[in-house]
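The chain contents come next:
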Amino acid sequence: MGFSVLIRTEFLKLRRSRTVTVGVVSLLAFVLLVLWGFHSYAAQRLGGVSIFGTSSGEPGYFNGLLFALYSLYFAFNFIMPVVIAVVAGAQISGEASAGTLRAILSRPVDRTSLLLSKFAVTAMYAWMVITGFVIFNLVLGFALVGWGDLALYPGPLGLVEEPGSIPLRDALGRFALATLSGTWSLMTLAAIAFFLSVVTRSPVVSVTGAILAYMVLTVVGRVEFFTEIKSHFFTTDMDFWRIVFKPEIPWREIAYGASRCGVYIFTLLLVSAVLFERKDITT
Amino acid sequence: MSAESLLVTESLTKRFGGRCVVDGVSLEVNRGDVFGFLGPNGAGKSTTMRMILGLVRASSGTIRVAGIDVGRDRRAALAKVGAVVEGPAFYDHLSGWENLEIFTALGGGATRARMEEALEIVGLRGREGDPVDVYSTGMRQRLGIAQALLPHPEIILLDEPGNGLDPRGSLEIRALIRQLSTDHGLTIFLSSHLLHEVEQLCDRVAILDRGHLLYQGSVAGLLTRASYLRVVVESPAAAGRFLEGFEGVQVLYEETGSLTLRLSGVDPAWVNARLVEKGFRVQELRQVRESLENIFLRLTGGEREAAA
Ligand SMILES: Nc1ncnc2c1ncn2[C@@H]1O[C@H](COP(=O)(O)OP(=O)(O)O)[C@@H](O)[C@H]1O
Ligand SMILES: [Mg+2]
């Protein structure tokens, strides 16, 4: 039995899954929240002028691309990691607690292949969610605010020290790149959730465990006191995804960040596979 | 052994953190058997089944399915097995059909026709489009059996198939299991804690208690060991003394107006004939079946009697 069959069955399971629906709905709701925030922030900056409806005129700094960038950036702070951790953390423990794991493994299935196919599907799911999210934001931003070059200032995004800009065409390519770097970054968290999913039998434990680890380190990483050790946090490594929006793409830094995340991903997957191969399925 | 053995375990043992849950169990299920694996809750039945399916690693001992060692080539062995372990589990938000698709894909796939046939056999045709959420316990059990049937297995493992079913539901499941054996020539290995379920379905049985195998053999053999004869007769004391002289008759106790016997190798009609011959007036002969608990008490606790 091929790996592709396993992938296909994992996708079949996600069909109409409540976790997926809740994830998508909360992401859409989040976009509306960002839109509201973006609108009022811009209004305050522009002295009460609404940014909506400028698509006919010439879009300025507060354009649809900037909106999409803000939206993506804020989503990656919290909601996107949660959406991915929920799916990744339930992969094994969720099936263990539902009893479907024993039903699957009673079939002539190779355990490591099953584990890897689940991780691959989680990655594809993450990529599709991020890509869908980016496209939705771009379309919404274009429709409501209009497009122009992506102007970057030192500020909440922390991308540049001095003002810079990315031309429109180039910026769209950056968003495409961000779907990939973002997926890879999130897979670090997914791998942690996955590992917890193999060692516990409760999806609540594996999902909240991964989310807590992420939240604690993210919050703590922003506190002055931890500046020295911050570089050892996996959340710091995960942050590499957004440097694709620097005016000049820092390929070396991207490669470095991606490989640090890769070390986490492969190590956790390897340990998970070894444990899963020898695990007694008693649920 | 003339029959071909399909499932064989040798000295199968499982320890969970030092506690021996299955202890040196050697089973032999022959092709064509409806084999009952009987034992009270916690005896180790599910653990044994899980070891056969490679879900739980045996601490020691071997398992062979159709000659293939499960420890060595789990996938080849499992290709011959269909199973429902400890209550059928499904993706409840998906339909019965979608669930079959998922599980059959994991075993190499099945044609549409085969899936329809399996649904037909278990009597779920027409309900396959409904989400499993809305299935009754009986329907879930039957979908589980359909899933087990799909890859054309040689043997089917069913863990307590009657659990949670109402009397009608368990009657239907028993009829289905019987049909799988007679019409489809399947070998069936089923566990149960209910003596009457096993008695109605199985030709061979193994009894497990606290991880130990207490009995393995025909159901008839078990039932003779598990039943008593209550004889309502005038002057039971004299009748008892008379009968005790015969080989294969053991007088367990007398009450006013009746005697309770255990027979081995002789049948009630024969006892009746001897009594009548001797001039005892026999008013009633009744076979009293021991409860499973009592068989256990006897098998595990020596000869302490506890007749019903
Ligand atoms: N993962 C486990 N860890 C420790 N003990 C277990 C585990 N699984 C089952 N047991 C114990 O093994 C014994 C047999 O359980 P089981 O095989 O489920 O019995 P049965 O199916 O006959 O009711 C029980 O006493 C149970 O508590
Ligand atoms: Mg059990």
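Scroll up to find the structure.
Residues numbered from 1 in each chain as written. Chains lettered and ligands numbered in written order. Predicted model: local features only at pLDDT ≥ 70, side-chain atom pairs only at ≥ 80, totals over all residues. Heavy atoms only, no water.

**Some words on the overall build of chain A**
Next up, step 1: Across its full length, chain A carries 11 helices and two strands.
Next up, step 2: The C-alpha atoms of chain A give 20 Å as radius of gyration, which agrees with the globular expectation for 283 residues (19 Å, within 12%).
Next up, step 3: Overall size of chain A, expressed as C-alpha extent along the three principal axes, is 65 × 45 × 30 Å.
Next up, step 4: Burial status across chain A gives 49% buried among its 283 residues.
Next up, step 5: Within the structure as shown, chain A displays about 12700 Å² of accessible surface, and the carbon and sulfur contribution to it stands at 68%.
Next up, step 6: On chain A, the mean spot of the 21 positive side-chain charges and the mean spot of the 16 negative ones are 14 Å from each other. (Helix = DSSP H or I, 4+ residues; strand = E, 2+ residues; numbered from the N terminus. Rg over C-alpha atoms; globule rule 2.2 N^0.38 Å. Buried < 20%, exposed > 50% of the residue type's maximum accessible area, 1.4 Å probe, protein only. Areas by Shrake-Rupley, 256 points an atom, 1.4 Å probe, with all protein chains shown as cover. Lys, Arg positive; Asp, Glu negative; His and termini not counted. Charge placed at Lys NZ, Arg CZ, Asp CG, Glu CD.)

**Concerning the site of ligand 1**
Next up, step 1: Around ligand 1 sit Thr282 of chain A together with Phe16, Arg19, Val21, Pro40, Asn41, Gly42, Ala43, Gly44, Lys45, Ser46 and Thr47 of chain B, and that is every residue in its neighbourhood.
Next up, step 2: The site occupied by ligand 1 is bordered by residues of chains A and B.
Next up, step 3: Here ligand 1 loses 68% of its free accessible area of 560 Å² to cover by the protein chains.
Next up, step 4: Looking at the shell around ligand 1, the elements that each hand over two or more residues are β2 (19–25) and α1 (45–52) of chain B. (Near = heavy atom within 4 Å.)

**A closer look at a nonpolar patch on the surface**
All names here are of chain A.
Next up, step 1: On the surface, Met124, Trp127, Met128 and Leu180 cluster together into a nonpolar patch covering about 380 Å² of accessible area.
Next up, step 2: For the nonpolar patch, the element with the most residues is helix α7 (residues 111–144), which contributes three residues.
Next up, step 3: With respect to the element layout, Trp127 can be found in helix α7. (Patch = residues over 30% accessible without salt bridge, like charges linked within 9 Å, V, L, I, M, F, W, Y side chains within 5 Å. Salt bridge = Lys/Arg side-chain N within 4 Å of Asp/Glu carboxyl O.)

**Focus on the interface of chain A and chain B**
Next up, step 1: Contacts between the two partners involve 31 residues from chain A and, on the opposite side, 32 residues from chain B.
Next up, step 2: Of the roughly 2800 Å² buried between chain A and chain B, counting both surfaces, carbon and sulfur atoms make up 52%.
Next up, step 3: In this structure, the connection of chain A to chain B is made through two salt bridges.
Next up, step 4: Of the charged contacts in the structure, one is a salt bridge between Glu98 of chain B and Arg16 of chain A, with a shortest N-O distance of 2.6 Å.
Next up, step 5: At the junction of chain A with chain B, the criterion picks out 19 residue pairs in polar contact (both at pLDDT 80 or more).
Next up, step 6: Secondary structure elements with two or more residues in the side of chain A that touches chain B: α1 (3–14), α5 (93–98), α6 (100–105) and α11 (251–278) of chain A.
Next up, step 7: Here the side of chain A that touches chain B takes six residues from α1 of chain A, the largest share from any one element.
Next up, step 8: Residues that form the side of chain A that touches chain B fall into these classes: 11 nonpolar, seven polar and 13 charged. (Contact = heavy atoms within 4.5 Å. Buried area = accessible area lost by both parts, 1.4 Å probe. Polar contact = N/O pair within 3.5 Å; in protein donor to acceptor, adjacent residues only side chain to side chain. Nonpolar A, V, L, I, M, F, W, Y, C, P; charged D, E, K, R; others polar.)

**Considerations on the packing of helix α3 (residues 64–77) of chain A against helix α4 (residues 79–89) of chain A**
All names here are of chain A.
Next up, step 1: Remark: α3 packs on α4, axes separated minimally by 3 Å, with the N-to-C direction vectors making an angle of 50 degrees. Relative to α4, α3 is oriented oblique. Residue-level inspection shows Ala75, Phe76 and Asn77 of α3 in contact with α4, the latter providing Ile79, Met80 and Pro81.
Next up, step 2: Classifying every residue of the contact of α3 with α4 gives five nonpolar, one polar and no charged. (Axes fitted to C-alpha atoms, helices over the stretch in contact; angles between N-to-C directions. Parallel < 35°, antiparallel > 145°, perpendicular 65-115°, else oblique.)

**Considerations on empty space enclosed by the protein**
Next up, step 1: What the rule picks out here adds up to one cavity of 30 Å³ or more.
Next up, step 2: Its boundaries defined by the atoms lining it, the largest cavity holds a volume of some 100 Å³.
Next up, step 3: Of all the elements in the fold, those that place two or more residues in the lining of the largest cavity are α6 of chain A together with β7 (81–84) and α5 (137–149) of chain B.
Next up, step 4: Residue composition of the lining of the largest cavity, grouped by class: seven nonpolar, four polar and two charged. (1 Å grid on protein atoms, 1.4 Å probe; cavity = no way out; pocket = protein on both sides within 12 Å on 5 of 7 lines; lining within 4 Å. Points joined across faces, edges and corners; volume = space filled by probe spheres on them.)

**Concerning the sheet that holds strand β12 (residues 227–233) of chain B**
Residue and element names in this part refer to chain B.
Next up, step 1: Spatially, the four strands line up as an open sheet ordered β13-β14-β12-β15, and their pairing is antiparallel. Unpaired on one side and paired on the other, β13 (249–255) and β15 (282–289) mark the two borders of the sheet. Strand-to-strand twist in this sheet, taken as the mean axis angle between neighbours without regard to direction, amounts to 25 degrees.
Next up, step 2: Relative to strand β14 (residues 258–263), β12 runs antiparallel, the two sharing four bridges. Bridging from a neighbouring strand, Val231 pairs with Leu259 of β14. (Pairing = 2+ DSSP bridges.)

**Section: the sheet that holds strand β4 (residues 34–38) of chain B**
The strands making up a sheet associate through hydrogen bonds between their backbones, and the pairing can be parallel or antiparallel.
All names here are of chain B.
Next up, step 1: Spatial ordering of the open sheet is given by β7-β8-β9-β4-β10-β11, a layout of six strands whose pairing is mixed. Each having just a single partner strand, β7 and β11 (212–218) make up the two edges of the open sheet. Averaged over all neighbouring strand pairs, the angle between strand axes comes to 15 degrees, with direction disregarded.
Next up, step 2: Sheet topology note: the β7/strand β8 (residues 155–159) ladder contains four bridges and is parallel. From the neighbouring strand, Gly82 faces β8, where its bridge partner is Ile156.
Next up, step 3: The strands touched by α5 within the sheet are β7 and β8, with β7 carrying the most contacts at an inclination of about 165 degrees.
Next up, step 4: Sheet contacts for helix α6 (residues 167–182): β4, β8 and β9 (187–192); angle to β9, the most-contacted strand, approximately 155 degrees.

**Concerning the layout of surface pockets**
Next up, step 1: Of the voids in this model, the largest pocket is the one considered here, and its volume is about 680 Å³.
Next up, step 2: Surrounding the largest pocket, 25 residues form its lining, Ser17, Thr19 and Ala90 of chain A together with Tyr91 and His93 of chain B being those nearest its centre.
Next up, step 3: Taken together, the elements giving at least two residues each to the lining of the largest pocket come down to α1, α2 (18–45), α4, α5 and α9 (203–221) of chain A.
Next up, step 4: Residue composition of the lining of the largest pocket, by class: 10 nonpolar, six polar and nine charged.
Next up, step 5: If you add up the space inside the second largest pocket, you get close to 430 Å³.
Next up, step 6: Looking at the second largest pocket, it is lined by 22 residues, and the ones nearest its centre are Gly54, Arg57, Val70, Gly71 and Arg74 of chain B.
Next up, step 7: Elements with a contribution of two residues or more to the lining of the second largest pocket: α11 of chain A together with β5 (60–65) and α2 (74–78) of chain B.
Next up, step 8: Counting residues per element, the lining of the second largest pocket draws most heavily on β5 of chain B, which supplies three residues.
Next up, step 9: Here the lining of the second largest pocket is composed, by residue class, of seven nonpolar, four polar and 11 charged.

**A short note on the nonpolar core**
Next up, step 1: Counting residues in hydrophobic clusters, the biggest one holds 161 residues, and the most contacted among them are Leu72, Leu150, Phe175, Phe245 and Phe276 of chain A together with Ile155 and Phe189 of chain B.
Next up, step 2: Not counting the four nearest positions on each side in its chain, Phe189 of chain B is found in contact with Leu7, Leu27, Val29, Phe35, Phe37, Met49, Ile52, Ile155, Ile156, Leu157 and Leu158 of chain B.
Next up, step 3: In this structure, Leu229, Ala239, Leu243 and Leu261 of chain B belong to the second largest nonpolar core, which totals 13 residues. (Core = buried A, V, L, I, M, F, W, Y, C linked by side-chain atoms within 4.5 Å.)

**Notes on the side chain of Lys13 of chain A**
Next up, step 1: Relative to the helices and strands, Lys13 of chain A resides in helix α1.
Next up, step 2: Its relative accessible area of 7% is what places Lys13 of chain A among the buried residues.
Next up, step 3: One polar contact links Lys13 of chain A to Glu95 of chain A, side chain to side chain, over a distance of 2.9 Å.
Next up, step 4: Among all residues touching Lys13 of chain A, those that are not within four sequence positions of it are Glu95, Ile104 and Lys118 of chain A together with Tyr91, His93, Leu94 and Ile102 of chain B.

**Observations concerning α4 of chain A**
Residue and element names in this part refer to chain A.
Next up, step 1: Of all the 11 residues making up α4, nine are buried; the element is thus mostly covered by neighbouring parts of the structure.
Next up, step 2: When α4 is considered as a whole, its buried residues turn out to be Ile79, Met80, Pro81, Val83, Ile84, Ala85, Val87, Ala88 and Gly89.
Next up, step 3: Against α2, α3, α5, α7, α8 (168–199) and α9 lie the buried residues of α4.

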